Number of protein chains: 2
Amino acid sequence: MRNILMTIEYDGTNYHGWQRQKNALSIQQLIEESIEKVTGIRARLIGSGRTDTGVHALGQRANFKTETNIPVGRIPLALNSSLPPDIRIINAVEVHPDFHARYDVVGKKYRYRIFNRSIPSAVFRNYSCFIPVKLDIESMEEAAGYIIGRRDFSSFCSSGSMVRSRTRNVQMLEFETKGCIIDMSIMADGFLYNMVRIIAGTLVEVGKGNLSPEEIKTILDKRDRRCAGPTMPPQGLFLEEVYYRGILDTPGTM
Amino acid sequence: MRNILMTIEYDGTNYHGWQRQKNALSIQQLIEESIEKVTGIRARLIGSGRTDTGVHALGQRANFKTETNIPVGRIPLALNSSLPPDIRIINAVEVHPDFHARYDVVGKKYRYRIFNRSIPSAVFRNYSCFIPVKLDIESMEEAAGYIIGRRDFSSFCSSGSMVRSRTRNVQMLEFETKGCIIDMSIMADGFLYNMVRIIAGTLVEVGKGNLSPEEIKTILDKRDRRCAGPTMPPQGLFLEEVYYRGILDTPGTM
C-alpha cells in the first residue's frame, strides 16, 4: 500500500466544511469520490483537521492509502479532472506508511482577513469579514503580544471541544494591512475549536476600543469562553499551511 | 436637478458586463432599477465606460441626475439595500450639473491579475487568469518600458472600435508579485477596447519567451492588431480607479 499526502486548496463558500457528513456536501466527500473514480478503489481520506462551512484553505493537507500505480506526480492532475474548480489538489507526495495527516501535525498557519470600510466589499464578500468600525491596529498588535506564547487557551475555545489539554503554543501572530484589508496571520503547534475566529473576534474588540490590550491577559487567566470576544464569521478564515516534520511545505498563495 | 457621481465596486462574475442590454443581466440595469426603487423616479446612469462580462471593478464611476432629496451621503446605503451583495455603491458625491462620467474622464487605472502556478487556484479562479508556464517577470518589466508613453496603440485594440484617435498616454505600467500572484497595474489617460487585456496577453508572451522585449516596439509600429499577443480572459481584469479633474479619488482595495 502506498501512502499519499496531498496539499489541497479550496473555496469553502459552497460547502458544508471539510468533514464528510450525511445530507450535506463536504470537501472530503468530493475528494474521496474523485479518488475512487480515478483509481477504481475506495479510499478514506484523513485530513489534517476539519474546517467549518464557509472556511477556505490554501494549503489543507490530507493523506490516503492506495494500491493505485498512478505516479504520484500525476495524482493532482488526475483528481482535479474530476473535481469541481473550487477544489484543487495542488501537490501530492508519497510518505511513510505510518504517516497520519492529523496525528503527525506539528503546526498550522491560518489567516483571518478583515475588510475594514464603511461599505462591504462586493468582490471580497466571501473571502473576508466586513467590519464597518475603523479598527486601531496598533492596539490590536499590542494585544497580540499577550496571545503569543505557550498558554492555556480555554477562553478561546468553543464549548463542546473534548480535547485533553487546552495549552497551545502560539509562535506567531501578526497583522498586515493593505488599503481596507487587514490580515491577521497566526501560527501555532495546534489550534482548539474556533480558536482563530475567537482570537480574531477578541482582537477586533480591542481594535474597536471595547477592550484594552492588557485585558487579554485577564481573559486568558479566566479560562472561560464567555470572557473573550465573539467568534468571527467563517468566510474570513483561510487555512494557509500545515506543517509536518521532514516534509517540505508547499504553501498556498494569498 | 442634482447630479450625483457614485463610486461602484462589483464582482463581474455573474453579469453580462456593465452596459444595459436586452435579455442579459447587466450591472447598469440593476443600479438603474435600484435608483428607481429608492427615489421613485427613473434615471439614466452614465458609466465612465463599459466593462465586459466577467470583468470586475473596485472603483467604477457613474453619474445620474435626480430630483430626489435624499442626502448624498445616504445614497450608498439606500441603493445598497436594494442591490445584490456583488454590487456595492461605495461612495456618492454631488457634482456640477454639466459633469459627465464618460466625457470628463482624465485617466483610469486597471489591474490585471495572473495566477502563475502549475495548478489553477480554487479560491482565486474567478479573480485571476491562470497561466501554468513560469513567467519571466524581468523581461515583462523590460517590455513594459516600450509600452509606457504617448503612442498609437492600434496594435493593442480589438477591431470594431470606432474611435477617432488610437493614441493614448500610458503613464504607468508596473508588475508586483506575491507568491504565485502577478499583478500588472496600468494607468493611462484612456484605454482602447480590450487594450489592457491585449497588453497583458502580449507581455505574457514575452514572459513565456515567445517574444523578446524589444519586439514590443515593432508591434507598436505595425499598428496591426494581428501582431500583438492574445486578448487575456476577463476574470483577471479589475477597473481600479477612474480619475476626474477636481474630484477626489475614493480608490478601491485589492
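That block above? That's the structure.
Given the structure is predicted, the values throughout are model-derived calculations rather than measurements.

### Considering the overall build of chain A
Along the backbone of chain A there are five helices and ten strands. Relative to its length of 254 residues, chain A is compact, with a C-alpha radius of gyration of 19 Å against a globular reference of 18 Å. With the C-alpha coordinates aligned to their principal axes, the bounding extent of chain A is approximately 60 × 40 × 35 Å. Within chain A, the proportion of its 254 residues that are buried is 59%. A separation threshold of at least 6 residues defines the contact pool for chain A, and within that pool the share at least 24 residues apart is 71%.

### What about the interface of chain B and chain A?
With 33 residues of chain B in contact, the opposing surface of chain A contributes 33 residues. Across the chain B to chain A interface the summed buried area is about 2,500 Å²; carbon plus sulfur atoms make up 59%. Our enumeration of links across chain B and chain A arrives at six salt bridges. The partner of Glu-9 of chain B in a salt bridge is Arg-117 of chain A, with the nearest N and O atoms 2.8 Å apart. Our count for the chain B to chain A interface comes out at twelve residue pairs in polar contact (both at pLDDT 80 or more). Tallying contributions element by element places strand S4 (residues 87-95) of chain B first for the side of chain B that touches chain A, with four residues. For the side of chain B that touches chain A, the class distribution of residues is 19 nonpolar, five polar and nine charged.

### Some thoughts on the packing of helix H3 (residues 137-147) of chain A against helix H5 (residues 215-222) of chain A
Residue and element names in this part refer to chain A. Interaxial distance between H3 and H5 falls to 8 Å at its minimum, and their mutual angle equals 30°. Crossing geometry of H3 relative to H5 is assigned as right-handed. Contacts from Ala-143, Tyr-146 and Ile-147 of H3 reach H5 at Ile-216, Lys-217 and Leu-220. Tallied by class, the residues present in the contact of H3 with H5 amount to five nonpolar, no polar and one charged.

### What to know about the environment of Tyr-193 of chain A
All names here are of chain A. Turning to its location among the elements, Tyr-193 is positioned in the loop between strand S9 (181-188) and helix H4 (195-208). It is 9.5 Å that separates the C-alpha atoms of Tyr-193 and Met-162, two residues lying 31 residues apart in sequence. Side chain to side chain, Tyr-193 and Asp-52 meet in a polar contact 3.3 Å long.

### Let's talk about helix H3 (residues 137-147) of chain B
All names here are of chain B. For H3, the set of buried residues is Ile-137, Ser-139, Met-140, Ala-143, Ala-144 and Ile-147. Buried positions in H3, seen along its axis, are confined to an arc of 155° and lie on one side of it. Along its buried surface, H3 packs onto strand S7 (149-152), strand S8 (167-178), strand S9 (181-188), helix H4 (195-208) and helix H5 (215-222). The residue sitting at the N-terminus of H3 and contributing the capping side-chain oxygen is Asp-136; that oxygen lies 3.1 Å from the backbone nitrogen of Glu-138.

### Some words on the pairing of strand S1 (residues 2-10) of chain A
All names here are of chain A. Counting buried residues along S1, nine of its nine residues qualify, which places the element largely inside the surrounding structure. The side-chain alternation of S1 yields two buried faces, one formed by Arg-2, Ile-4, Met-6, Ile-8 and Tyr-10 and the other by Asn-3, Leu-5, Thr-7 and Glu-9. Looking at chain direction, S1 and strand S3 (residues 56-66) are connected through eight bridges and run antiparallel. Bridge pairing in S3 links Leu-5 to Asn-63. Across eight bridges, S1 lies against strand S4 (residues 87-95) in antiparallel orientation. Bridging across to S4, Thr-7 finds its partner in Asn-91.

### So, the relation of the copies chain B and chain A
Two copies of one chain are present, and they are related through a rotation about an axis combined with an axial shift. Of the transformation superimposing chain B on chain A, the axial component is 0.0 Å and the angular component is 180°, with the fit at an RMSD of 0.0 Å. Taken together, these values place the two copies in the relation of a two-fold axis. Minimal C-alpha distance to the rotation axis in chain B is attained by Phe-124 of chain B, lying at 5.2 Å. Of the residues that chain B buries at the interface, 100% are likewise interface residues in chain A, meaning the two copies contact each other through the same surface.

Calculation rules
- Residues numbered from 1 in each chain as written.
- Chains lettered and ligands numbered in written order.
- Predicted model: local features only at pLDDT ≥ 70, side-chain atom pairs only at ≥ 80, totals over all residues.
- Heavy atoms only, no water.
- Helix = DSSP H or I, 4+ residues; strand = E, 2+ residues; numbered from the N terminus.
- Rg over C-alpha atoms; globule rule 2.2 N^0.38 Å.
- Buried < 20%, exposed > 50% of the residue type's maximum accessible area, 1.4 Å probe, protein only.
- Contact = heavy atoms within 4.5 Å.
- Buried area = accessible area lost by both parts, 1.4 Å probe.
- Salt bridge = Lys/Arg side-chain N within 4 Å of Asp/Glu carboxyl O.
- Polar contact = N/O pair within 3.5 Å; in protein donor to acceptor, adjacent residues only side chain to side chain.
- Nonpolar A, V, L, I, M, F, W, Y, C, P; charged D, E, K, R; others polar.
- Axes fitted to C-alpha atoms, helices over the stretch in contact; angles between N-to-C directions.
- Left-handed = near helix turned anticlockwise from the far one by under 90°.
- Arc of directions from axis to C-beta.
- Pairing = 2+ DSSP bridges.
- Least-squares fit on C-alpha atoms with pLDDT ≥ 70 in both.

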